[in-house]
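Descriptive structure summary
As a plain string of letters, each chain reads:
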Amino acid sequence: MTETGAGRHGFVIEDLKPTRLWLEDTLRRAFPGIEVASADSLARARALLADRLPPADTGAAGGPHLVLVDLGLPDGSGIDLIRDLTDGRPDVMTIVTTIYDDDGHLFDAIAAGAQGYLLKDQDAGLLMQYLHRIEQGDPPLSPSIARRMLARLRQPDGRGHVPAPHVPTTPETVLTPREVEVLSLLGRGLRNAEVARLLSLSDHTIAGYVKAIYAKLNICSRAEAALEASRRGLV
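Residues numbered from 1 in each chain as written. Predicted model: local features only at pLDDT ≥ 70, side-chain atom pairs only at ≥ 80, totals over all residues. Heavy atoms only, no water.

Our next topic: the overall build of the protein chain. The number of helices and strands found in the protein chain is 10 helices and 7 strands. Counting every position in the protein chain, which comprises 235 residues, the buried fraction comes to 46%. Partitioning the intrachain contacts of the protein chain with sequence separation of at least 6 by distance along the chain shows that 68% fall at a separation of at least 24. Surface exposure of the protein chain reaches about 11,500 Å², of which carbon and sulfur atoms provide 54%. (Helix = DSSP H or I, 4+ residues; strand = E, 2+ residues; numbered from the N terminus. Buried < 20%, exposed > 50% of the residue type's maximum accessible area, 1.4 Å probe, protein only. Contact = heavy atoms within 4.5 Å. Areas by Shrake-Rupley, 256 points an atom, 1.4 Å probe, with all protein chains shown as cover.)

Annotation from UniProt places "modified residue: 4-aspartylphosphate" (unreviewed entry) at Asp70. In this fold, Asp70 is placed in the loop between strand E3 (65-69) and strand E4 (72-73). The residues touching Asp70, leaving out its near neighbours within four places in the chain, are Ile13, Glu14, Asp15, Gly78, Thr97, Thr98, Lys120 and Lys211. (UniProt positions renumbered as here; feature names shortened; annotations may be inferred.)

Here the focus is the environment of Glu135. Tracing the chain through its elements places Glu135 in the loop between helix H5 (124-132) and helix H6 (143-154). In sequence terms Glu135 and Gly63 are 72 residues apart; their C-alpha atoms lie 7.9 Å from each other.

Attention now goes to the pattern of salt bridges. For the coordinates displayed, the defined rule picks out 14 salt bridges. Across the pair Asp70 and Lys211 runs a salt bridge whose closest N-O atoms are separated by 2.5 Å. With a gap of 141 residues between them, Asp70 in the loop between E3 and E4 and Lys211 in helix H9 (residues 203-217) connect regions that are remote in the sequence. Each member of the pair, Asp70 as well as Lys211, carries the same accessibility label: buried. Linked by salt bridges that have partners in common, Glu14, Asp15, Asp70, Lys120 and Lys211 make up one network. (Salt bridge = Lys/Arg side-chain N within 4 Å of Asp/Glu carboxyl O.)

Formed by 49 residues in total, the largest nonpolar core has its most connected members in Phe11, Ile13, Val67, Leu81, Tyr117, Val182 and Ile206. Per-element tally for this core: the top contributor is H9, with 7 residues. Counting 19 residues, the second largest nonpolar core, distinct from the first, contains Val36, Leu118, Leu131 and Ile134. (Core = buried A, V, L, I, M, F, W, Y, C linked by side-chain atoms within 4.5 Å.)

Across the 5 residues of strand E1 (residues 9-13), 5 count as buried, placing the element largely inside the fold. Of the two faces of E1, the one holding His9, Phe11 and Ile13 and the one holding Gly10 and Val12 are both buried throughout. Relative to strand E2 (residues 35-39), E1 is paired through 5 bridges, and the arrangement is parallel. Across the sheet, Gly10 pairs through a bridge with Val36, a residue of E2. The parallel pair E1 and E2 is bridged by helix H1 (residues 17-30), and the resulting crossover is right-handed. (Pairing = 2+ DSSP bridges. Right-handed = clockwise from strand over helix to strand, strands pointing away.)

At a minimum axis separation of 10 Å, helix H7 (residues 177-187) and helix H8 (residues 192-199) run at an interaxial angle of 130°. Considered as vectors, H7 and H8 are oriented oblique to each other. Between H7 and H8 the crossing geometry is right-handed. Residues Arg178, Glu181, Val182, Leu185 and Leu186 of H7 form the contact with H8, whose own contacting residues are Asn192, Val195, Leu198 and Leu199. Here the residues of the contact of H7 with H8 sort into 6 nonpolar, 1 polar and 2 charged. (Axes fitted to C-alpha atoms, helices over the stretch in contact; angles between N-to-C directions. Parallel < 35°, antiparallel > 145°, perpendicular 65-115°, else oblique. Left-handed = near helix turned anticlockwise from the far one by under 90°. Nonpolar A, V, L, I, M, F, W, Y, C, P; charged D, E, K, R; others polar.)

Right, let's talk about the sheet that holds E1 for a bit. Here 5 strands make up an open sheet; going across it, the order is E2-E1-E3-E6-E7 and the pairing parallel. Strand pairing shows two members of the sheet lacking a second neighbour, E2 and strand E7 (116-119), which therefore form its edges. Each neighbouring strand pair of the sheet contributes to a mean axis angle of 20°, computed without reference to strand direction. Taken together, the 5 bridges between E3 and strand E6 (residues 92-98) define a ladder with parallel strand orientation. From the neighbouring strand, Val67 faces E6, where its bridge partner is Thr94. Lying over the sheet, H5 contacts E3, E6 and E7, oriented at roughly 170° with respect to E7.

As structure tokens, then:
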């Protein structure tokens, strides 16, 4: 099957420039002919969509318009944008592109109306493969996300109900195992490119992890990251 994006608009909402450019390119390769635009913040995303998204009653010849949205934007959460589009634009498909693979972010996004959830620690070929599932009417989901959703449905109180938003219950900020790995390496003074090479991940994926770690720990520098790594006994 040959996928085409003619008549379709795609939007990438991502604050990290290398990741934004990578996602733009992935969309163009997945759907040749698609018109792609991007924004680096929640406010710019809303302005961009108001300006560039065609009216709902005109439809999209190539399928639904696509919005790839990061959850951690500098001026707010991508979940707010997902909720806006779900309420007002049923012809738009919102797909989360993130490094967050925890239940809290996943089910909050689904509750807001996200129709896909892709992790950015995958190569472009796999990401394109998941995006192509849209043409078969299947939601684009990373395998680990699909497994997490199935596991939730198997729970006694699952039965397809969307759980309540995640509320942290521990005073210590919890990092995922991968975030702990990255923080440990930052604490040893490695730069992003060195961390990426050591963990066999791309530079933009590591940049995403660093961004998530900074947000979770409420820090804004590598020096503070090193101090936190030391405090946690990681170095």
